[in-house]
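Residue strings, one per chain:
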Amino acid sequence: MASITFLGGAGTVTGSKYLVESTGARLLVDCGMFQGLKELRERNWQDPPFDPKSLDAVVITHAHIDHTGYLPRLVAMGYSRPIYCSRGTSDLVKILLPDAGRLQEEEADYRNRHNLTKHDPALPLYTERDARAAIDLLKPVPNDGNPVEVANGVRASFRIAGHILGSSLVLLELDGAGDDQKGRRILFSGDLGHYDQPIIRDPVAPPACDYLLVESTYGDRLHDPEDPKDALERIIKDAIKRNGAVLIPAFAVGRTQEIVYLIRELEEENRIPVLPVRVDSPMAAAATQAYGNRKEEQDEDYASVLAHRVYPLRTRNMLTASSRDESKKLNDERGTRIIISASGMMTGGRVLHHAQRILPDEHATIVFVGYQAAGTTGRRILNGEKEVKIYGQWVPVRCHIERIGGFSAHADWKEILRWLAPLQSTPPRKTFLTHGEEESAAAMAEHIKESLGWNVEVPEYGEKDELK
Ligand SMILES: [Zn+2]
């Protein structure tokens, strides 16, 4: 007997967590934190419906917090076995998790100091120390498709998913599983990359499998046909006319590097003047280094830029603010400049301090370059709300609001179908649509039924399915 239980990433894009049980083994694939709506965030505080000590292994598809942010909590609850992931993922998890712990501590502290808490005192979900304990359990493996034994009778193999550095499809092979006890293969797409995005390689073709979990973030959408580089050029030129600042909320990992890469190209092609680019994130420098180090994941364009002795991830007038003092100095700058800061959905981090100054300024521009989940400050601004609450204070929104759709690190529905195509001759017994809000998951299910005629399902939160 084998089963899968959907403990996150079901009906939402956050909290990815899939419990896989097979004869003699129990493991968790992804261990993400819920973000966005309060009702979702509260799930982070509920005990999981399994004993963390009973898990044999944890396997991670990629480093984003919605896939890894619950690891420190799991470890604090007694999990002490290995956490398998690709080498690129391991590099990034080491950067992201301690920061997530620090952020939790800082926010609890802030709430306590400003009496913003109903809980007395407000506690962090976990600490930086818990995060470091989780990092000690990381077991990086190559993402070359070769299987690694991760638990008794369970092998995992990792292949490039093209979403961020290290992001992987994970194929689990469960010995003896299924009604005929011949074993079953489950493929987890993780987050699937957008084809032809800069820096990293495209997603590789999916291997044959019995069960498939495929993400559906953009299951009901197609990417904006405007090329992100053209959009960036247009927005920057408009900002120069107004002599206004440009604030780009962006994940420090992945999106920040991608934006810097494109601004460098625009400068080199003389499409924009050289402007101050300020990357205000303590993590960005470390993440940029990780992108530079993992040659096995860089695409051909990246390699050819390097061959001309140009560093692909730097513009001509760029500063990276790591310390708080460096960050504060950025407040004194005036005129057109580009500030890139995390978090990408404005759920926390330094971007909020910049937003307090940028949002009320009618000459300034805020540019959204990634998915904004329901309930986040980013989504509220995109929805046209005239005031948003930041650190307990209402801030008026008077600046220009721009969105670059084509920037997504996620495949849209046509790209997902393109990725699935190689499985047409050997379709999975069942395909589960995960990692999408309700409408997008449902839409993706329809697209797959219509184009491929497969057996598809949109699982609910907490649902358990037998792998027959
Ligand atoms: Zn992701």
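Up top you'll find the structure we're talking about.
Keep in mind that what you see is a predicted model, and the values were worked out from it rather than measured.

> Looking at this structure, how should I read the overall build of the protein?
Counting its regular elements, the protein contains 14 helices and 22 strands. In terms of overall dimensions, the protein has C-alpha extents of about 70 × 55 × 40 Å along its principal axes. Residues counted as buried form 51% of the 468 residues belonging to the protein. Look at the contacts in the protein between residues 6 or more apart in sequence, and 75% of them connect residues 24 or more apart.

> Even after reading the chapter, I still don't get helix α4 (residues 87–113), so can you show me in this structure?
Here α4 spans 40 Å end to end across 27 residues, near enough to the 39 Å set by a 1.5 Å rise per residue. The largest bend along α4 reaches roughly 30 degrees and is located at V93.

> Just checking my understanding: could you explain the nonpolar core for this structure?
In globular proteins that are soluble, nonpolar side chains generally tend to be buried together. Grouped together as the largest cluster of nonpolar side chains are 138 residues, with contacts concentrated most on L27, V59, L96, I248 and V253. Ranked by the residues each element gives to this core, the list is headed by α4, at 7 residues. Viewed by domain, this core spans two of them, domain 1 (3–221 + 409–466) and domain 2 (228–407), each represented by three or more residues. In contact with L27, not counting residues within four places along its chain, are V20, L55, D56, A57, V58, V59, V150, A151 and V154.

> Please clarify how the sheet that holds strand β14 (residues 318–321) should be interpreted in this entry.
Neighbouring strands of a sheet are bound in pairs by backbone hydrogen bonds; such pairs are parallel or else antiparallel. An order of β14-β13-β15-β12-β16-β19 is seen for the 6 strands of this open sheet, with the pairing classed as parallel. At either margin of the open sheet sits one strand with a lone partner, and together these are β14 and β19 (400–403). In this sheet, neighbouring strand axes are inclined to one another by 20 degrees on average, regardless of whether the strands run parallel or antiparallel. Across 4 bridges, the pairing between strand β13 (residues 277–280) and strand β15 (residues 338–341) is parallel. Paired with R278 across the strands is I339, a residue of β15. Strands β12 (246–249), β13 and β15 of the sheet are contacted by helix α7 (residues 255–268), whose axis makes an angle of about 170 degrees with β13.

Conventions adopted
- Residues numbered from 1 in each chain as written.
- Predicted model: local features only at pLDDT ≥ 70, side-chain atom pairs only at ≥ 80, totals over all residues.
- Helix = DSSP H or I, 4+ residues; strand = E, 2+ residues; numbered from the N terminus.
- Buried ≥ 20, exposed ≤ 12 C-beta atoms within 10 Å, placed from the backbone.
- Contact = placed C-beta atoms within 7 Å.
- Expected span 1.5 Å × (residues − 1).
- Bend = angle between axes of the 7 residues up to and from the residue.
- Core = buried A, V, L, I, M, F, W, Y, C linked by C-beta atoms within 7 Å.
- Domains from an automatic or database assignment.
- Pairing = 2+ DSSP bridges.
- Axes fitted to C-alpha atoms, helices over the stretch in contact; angles between N-to-C directions.

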